[in-house]
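Topology and contacts: notes
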Amino acid sequence: MLTLLAALFPLVSCDSGDIIDKTTAYDSEGHTVKLTVSVAGLDELSDKYTLALATFKSGDNYALTAYNIPATTEDNGAVSIIAPHIDSQVSTVELAVINRLRQRIVTLASINMDDYSDANDTISINAGTVDVRMFSIIQQHVFDMSCIQCHGGNGGNGAANLNLTQGQAFNNLVDIPSTRKEGRFRVVSGAASQSLLHQILAEGGEDILHYNHTEVLSSQFKNDVAAVRTFIDDWINNLKTSQE
Ligand code: HEC
């Protein structure tokens, strides 16, 4: 450390202007990330959301920049998207579903820029295939992560006879009566606010069931939890009612 300082000081004192110029030049150039991905179900994502290659500062849940995957992308077709000149403050470049405020809902792939400090200008990444149908996102990024440990993941039907594992969850939720609250439904198609799923996850839902679900999503989603709840509501509100 001492030798390093000794080497730096003379440079700073005799030519500091030059050093600042170089730093600025680096910041404005930055790395470029090129991500290739095959996307399924983009046409089923509500228009309140976009799939984007987005840059985030550490701890910030709003993207600094976001490059949208075009809604016209062919289903299951490969698309390449470029995030150029990534600012040095950016800690992750993510393939993410974001809302209109550029707030992150879920991350589908993430690149930690620290891992690439020595890389060439362009970092090319293949993210494989992603499924962005709203229910697929909820299944993979909410139920599989935060719910199935109690709801069916260990075999059996799960707490309250509600199995939320892949292939089971939809049919166990949508327009199915609650086993705990008489007269209510787990999910009411087209009506989030009437759905027990919405009510137990929302603030104020602490005492509806014996088990308080309002904090279940907090450790996984931290600052993004309100946006994730809204995403679940939008999925419910977009479900066609049985009369339609
Ligand atoms: C630590 C265990 C645990 C976790 C994690 C958990 N639950 Fe539950 N869940 C329960 C229990 C226990 C009940 C039954 C509560 C009661 O009897 O009042 C329940 C009940 C429910 C019900 C009501 C079912 C009905 O028929 O009335 C829903 C809906 C539900 N959970 C959804 C979820 C979702 C969605 C998640 C993840 C975001 C989740 N749960 C995570 C334990 C859990």
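Residues numbered from 1 in each chain as written. Predicted model: local features only at pLDDT ≥ 70, side-chain atom pairs only at ≥ 80, totals over all residues.

1. Details of the overall build of the protein chain
Cut-off, in case you're wondering: Numbered from the N terminus, helices here are DSSP runs of H or I no shorter than four residues, and strands are runs of E no shorter than two. Three classes are used. A residue is buried when 20 or more other C-beta atoms lie within 10 Å of its own, exposed when 12 or fewer do, and partly exposed in between, with C-beta atoms placed from the backbone. By definition, residues are in contact whenever their C-beta atoms, placed on the basis of the backbone, come within 7 Å of each other.
Scanning the protein chain for helices and strands turns up six helices and seven strands. Scanning the protein chain from its N terminus toward the C terminus, one meets helices and strands in the order α-β-β-β-β-β-β-β-α-α-α-α-α. Among the 244 residues that make up the protein chain, the fraction classed as buried is 27%. For the protein chain, the proportion of contacts with a sequence separation of at least 24, taken over those separated by at least 6, is 56%.

2. Structural notes on the pairing of strand E5 (residues 90-99)
To keep things clear, this is the line we draw: DSSP-based pairing: two strands are paired if at least 2 bridges between them are found.
Extensive coverage of E5 is indicated by the burial of seven of its 10 residues. Here seven bridges tie E5 to strand E6 (residues 104-112), and the two strands are oriented antiparallel to one another. From the neighbouring strand, Ile 98 faces E6, where its bridge partner is Arg 104. As consecutive antiparallel partners, E5 and E6 are separated by four residues, and within that stretch Arg 102 has a phi angle of approximately 65°, a positive value.

3. Some points on the site of the ligand
The test is simple: The criterion for a residue being near a molecule or strand is simple: its C-beta atom, placed using the backbone, must lie within 6 Å of it. Side-chain classes follow a simple rule in which Ala, Val, Leu, Ile, Met, Phe, Trp, Tyr, Cys and Pro form the nonpolar group, Asp, Glu, Lys and Arg form the charged group, and the remainder, Gly included, forms the polar group.
Neighbouring the ligand are 23 residues; Cys 147, Cys 150, Ala 159, Ser 178 and Leu 209 lie closest to it. When contributions to the shell around the ligand are tallied by element, the ones reaching two or more residues are helix H2 (134-147) and helix H4 (196-201). Here the residues of the shell around the ligand sort into 13 nonpolar, seven polar and three charged.

4. Observations regarding the sheet that holds strand E1 (residues 31-40)
Put simply, the test is: Angles shown run from 0 to 180 degrees and are taken between the N-to-C directions of axes, each axis being a line fitted to C-alpha atoms and, for helices, limited to the stretch in contact.
Ordered in space as E4-E1-E7, the three strands form an open sheet in which the pairing is mixed. Strands with a single pairing partner mark the edges of an open sheet, and in this sheet they are strand E4 (78-86) and strand E7 (122-131). The mean inter-strand angle of the sheet, taken between neighbouring strand axes irrespective of direction, is 20°. In this structure, E1 lies alongside E7, joined through eight bridges in parallel fashion. From the neighbouring strand, Thr 36 faces E7, where its bridge partner is Asn 126.

5. Side note on the sheet that holds E6
In a beta sheet, neighbouring strands are held together by backbone hydrogen bonds and run either parallel or antiparallel to one another. On the basis of which strands lie adjacent, the open sheet formed by four strands has the order E3-E2-E5-E6 and antiparallel pairing. The open sheet has two edge strands with one neighbour each: strand E3 (65-68) and E6. Direction aside, neighbouring strands of the sheet carry axes that sit 25° apart on average.

6. A few points about the packing of H2 against helix H6 (residues 225-238)
The angle between the axes and the distance between the axes are what describe a pair of packed helices. Short version of the rule: Between 65 and 115 degrees an angle is taken as roughly perpendicular, under 35 as roughly parallel, over 145 as roughly antiparallel, and anywhere else as oblique. Handedness of a crossing is defined here by the sense of rotation of the near helix relative to the far one, left-handed for an anticlockwise turn of less than a right angle and right-handed for a clockwise turn.
Between H2 and H6, the least distance of the axes is 10 Å, while the angle of their chain directions is 140°. Accordingly, the angle class assigned to the pair H2 and H6 is oblique. You can see that H2 and H6 cross each other, and the crossing is left-handed. Packed against H2, whose contacting residues are Met 134, Phe 135, Ile 138 and Val 142, the element H6 presents Val 228, Ile 232, Trp 235 and Asn 238 at the interface.

7. A short note on the confidence of the model for the protein chain
Applicable threshold: As a per-residue quantity, pLDDT reports the predictor's confidence and falls between 0 and 100.
The predicted model of the protein chain averages 88 in pLDDT, with 87% of residues at 70 or higher. Ignoring residues within four places in sequence, the model shows residues 1-27, a span with pLDDT below 50, making five contacts including any to other chains.

8. Some remarks on H2
For clarity, the threshold we go by: Under the convention used throughout, the expected extent of a helix is 1.5 Å for every residue step, that is, one less than its residue count.
Along its 14 residues, H2 runs just 17 Å from first to last C-alpha, ending more than 12% under the 20 Å computed at 1.5 Å per residue. Among the residues of H2, Met 134, Ile 137, Ile 138, Gln 139, Val 142, Phe 143 and Cys 147 are the ones counted as buried. Where H2 is buried, its residues contact E5, E6, helix H3 (169-173) and H6.

9. Concerning the nonpolar core
To keep things clear, this is the line we draw: Note on terminology: a nonpolar core is a set of buried residues of type Ala, Val, Leu, Ile, Met, Phe, Trp, Tyr or Cys, with members joined through C-beta atoms within 7 Å. Boundaries of every domain are those given by an automatic assignment or by a domain database.
Within the largest apolar cluster, 53 residues are counted, with the highest numbers of intra-cluster contacts made by Leu 51, Leu 53, Val 93, Val 97, Val 132 and Val 228. For this core, the two domains that each supply at least three residues are domain 1 (30-132) and domain 2 (135-238). Residues within four places of Leu 53 in sequence aside, it is in contact with Val 33, Leu 35, Tyr 67, Ile 81, Ala 83, Val 93 and Leu 95.

10. Topic: unusual backbone geometry
Even without being glycine, Asn 76 reaches a positive phi, approximately 65°. With respect to the element layout, Asn 76 can be found in the loop between E3 and E4. By the C-beta count within 10 Å, which is 12 here, Asn 76 ends up exposed. Even without being a glycine, Lys 222 presents a positive backbone phi close to 45°. Summarising the element assignment, Lys 222 is placed in the loop between helix H5 (218-221) and H6.

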